[in-house]
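Survey of secondary and tertiary structure
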Amino acid sequence: MQDSAQKIVVVTGGTRGIGKAIVEVFADAGCTVIVNYNKSRGEAEALALNLSSASGSVFIEQADVSEASQARIMMDNAVSRFGRIDVLVNNAGIARDGFLMLMSDEDWQDVIATNLTGVFNCSRAATVHMISRRSGAIINVSSLSGIAGLPGQTNYAAAKGGVISFTKALSKELAPFGIRVNAVAPGVIETGMTGAVSEKAMEGYLSAIPMKRFGKPHEVATVVRFLASEDASYITGETICVTGGLY
Ligand code: NDP
């Protein structure tokens, strides 16, 4: 990433899986990365330690993105400490799969609160700072489920589909201020989240993927890095699928 040195990047849910890979590519590119976590302090600390020899700097920040006040404090802290936010990656997400008839209110609300309201909370809190500088990039991690819909994921698909529509609307709102807003829609990526999916379901996904393999977190992270870079300077409101040809 040629233009990344000195960039201030906030990655929500950056402790493991796709978020961790995103943190790594930005840190390796010389950025200052604020790694957000909610519950996994140990994983966040270990990541920061592991990346202490990277070209960039890594700092950790606890916040539950589903809580507006915590998202606001996290962004304000980043600006107080580093002067600005250049890139926000809204990656934090959870899945609580289940057929609709059996889905609890809690499983619906938790997934919407983290995956959709969390994107709203963090984007709103970061945008306040980006607008005054007339520059910035926001990248939202959606999902193939948000485009195609997958059975057992009405809550998750609704949230991730909402993220794509949110991305389109916000991109138009912020384009006059020099801020780009894009999304990535990963397919099936090997992380702890997919580790919870049954072997039978994973076999079904594998047979449907034209590339006949699951994706790796790094393969999503490099697309996020591209969207944050000047190489993507004329791209906004877009969702890039990273699905091995599944969509
Ligand atoms: P993981 O379960 O491996 O990691 C999720 C991350 O989100 C953790 O760092 C977790 O931190 C954080 N997180 C969860 N809730 C909150 C919260 N309320 N506030 C702050 N952080 C939170 O997930 P993946 O790496 O697999 O997924 C990352 C993103 O990619 C998600 O948005 C997911 O929906 C999306 N995605 C994943 C796919 C896949 O196949 N893996 C496919 C398509 C999309 P903590 O433990 O501290 O809570």
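Everything here concerns the structure above.
Here the residue numbering is sequential within each chain, running from 1 through the sequence in written order. Totals for whole chains, interfaces and linings use every residue, but because this is a predicted model, local features are given only for residues with pLDDT of at least 70 and side-chain atom pairs only at 80 or more, for both listing and counting. Side-chain metrics rest on all non-hydrogen atoms present in the structure, leaving aside hydrogens and water.

Let's talk about the pattern of salt bridges
Side chains bearing opposite charge may pair, as long as their charged atoms lie close to each other. The condition is simple: Here, a salt bridge means any side-chain nitrogen of Lys or Arg that lies within 4 Å of a carboxyl oxygen of Asp or Glu. Only runs of H or I of at least four residues qualify as helices and only runs of E of at least two qualify as strands under DSSP, and these elements are numbered from the N terminus. Exposed residues in this analysis have more than 50% of their type's maximum accessible area, buried residues have under 20%, and partly exposed residues fall in between, with area computed by a 1.4 Å probe over protein chains only.
The final tally for this structure, using the stated rule, is six salt bridges. Here arginine 41 makes a salt bridge to glutamate 45, at a shortest N to O gap of 2.9 Å. Taken together, the residues arginine 41 and glutamate 45, both in helix H2 (residues 41-50) and four residues apart, mark about one turn of the helix. Here glutamate 45 falls in the partly exposed class, since its relative accessible area comes to 38%. Across the pair arginine 133 and aspartate 86 runs a salt bridge whose closest N-O atoms are separated by 3.5 Å. Pair noted here: arginine 133 is in helix H4 (residues 105-133) and aspartate 86 is in the loop between helix H3 (68-82) and strand S4 (87-90), with a separation of 47 residues, a long-range link. Overlapping salt bridges bring together Arg84, Asp86 and Arg133 as one network.

Digging into the nonpolar core
Spelled out, the test is: Throughout, nonpolar core names a set of buried Ala, Val, Leu, Ile, Met, Phe, Trp, Tyr and Cys residues whose side chains join them through atoms within 4.5 Å. When checking whether two residues touch, look at their non-hydrogen atoms; a contact exists if any pair is within 4.5 Å.
One finds Ile22, Val23, Phe26, Val33, Val89 and Val224 to be the most contacted residues of the largest nonpolar core, which totals 31 residues. Where this core is concerned, the elements lending two or more residues are strand S1 (8-11), helix H1 (17-28), strand S2 (32-37), S4, strand S5 (136-141) and helix H9 (217-228). Examining the composition of this core, we find that seven residues originate from one element, H1, more than from any other. In contact with valine 89, other than residues within four places in its own chain, are Val9, Val10, Val11, Thr12, Ile22, Phe26, Ile139, Val141 and Val224.

Some words on the packing of H1 against H9
Quick reminder of the rule: In this analysis, axes come from line fits to C-alpha atoms, helices being fitted only over the stretch in contact, and the angle between any two N-to-C directions falls in the range 0 to 180 degrees. To sort the angles, those under 35 degrees are grouped as roughly parallel, those over 145 as roughly antiparallel, those from 65 to 115 as roughly perpendicular, and the leftovers as oblique. By definition, turning the near helix anticlockwise from the far helix through less than a right angle yields a left-handed crossing, and turning it clockwise yields a right-handed one. Residues are grouped as follows: Ala, Val, Leu, Ile, Met, Phe, Trp, Tyr, Cys and Pro are nonpolar; Asp, Glu, Lys and Arg are charged; every other residue, Gly included, is polar.
Where H1 contacts H9, the two axes come as close as 8 Å, and the packing angle between them is 50 degrees. Accordingly, the angle class assigned to the pair H1 and H9 is oblique. Here H1 runs over H9; the crossing is right-handed. Facing H1, whose interface residues are Gly17, Ile18, Ala21, Ile22, Val25 and Phe26, H9 presents Pro217, His218, Val220, Ala221, Thr222, Val224, Arg225 and Ala228. When grouped by side-chain class, the residues that make up the contact of H1 with H9 number ten nonpolar, three polar and one charged.

Re the site of the ligand
What counts is decided by this rule: Nearness here has a simple test: a residue counts as near a molecule or strand if at least one of its heavy atoms is within 4 Å of that partner. Think of a polar contact as two N or O atoms within 3.5 Å of one another; within protein, one of them needs to be a possible hydrogen donor and the other a possible acceptor, and neighboring residues in sequence only count if both atoms come from side chains. Residue burial considers only the protein chains on display, and all accessible areas are found by Shrake-Rupley using a 1.4 Å probe.
Taken together, 32 residues surround the ligand, and among them Thr15, Ser40, Asn91, Tyr156 and Thr191 come closest. The contact in question runs from an oxygen atom of the ligand to an N or O atom on the backbone of glycine 13, over 3.2 Å. With respect to the ligand, the side chain of tyrosine 156 contributes an N or O atom lying 2.5 Å from an oxygen atom. Contact with the protein chains hides 95% of the accessible area of the ligand, taken as 890 Å² for the molecule alone. When residues of the shell around the ligand are traced back to their parent elements, those giving at least two are H1, S2, helix H6 (154-174) and helix H7 (192-195). Here the shell around the ligand gets three residues from one element, more than from any other, and that element is H7. Split by residue class, the shell around the ligand holds twelve nonpolar, 16 polar and four charged.

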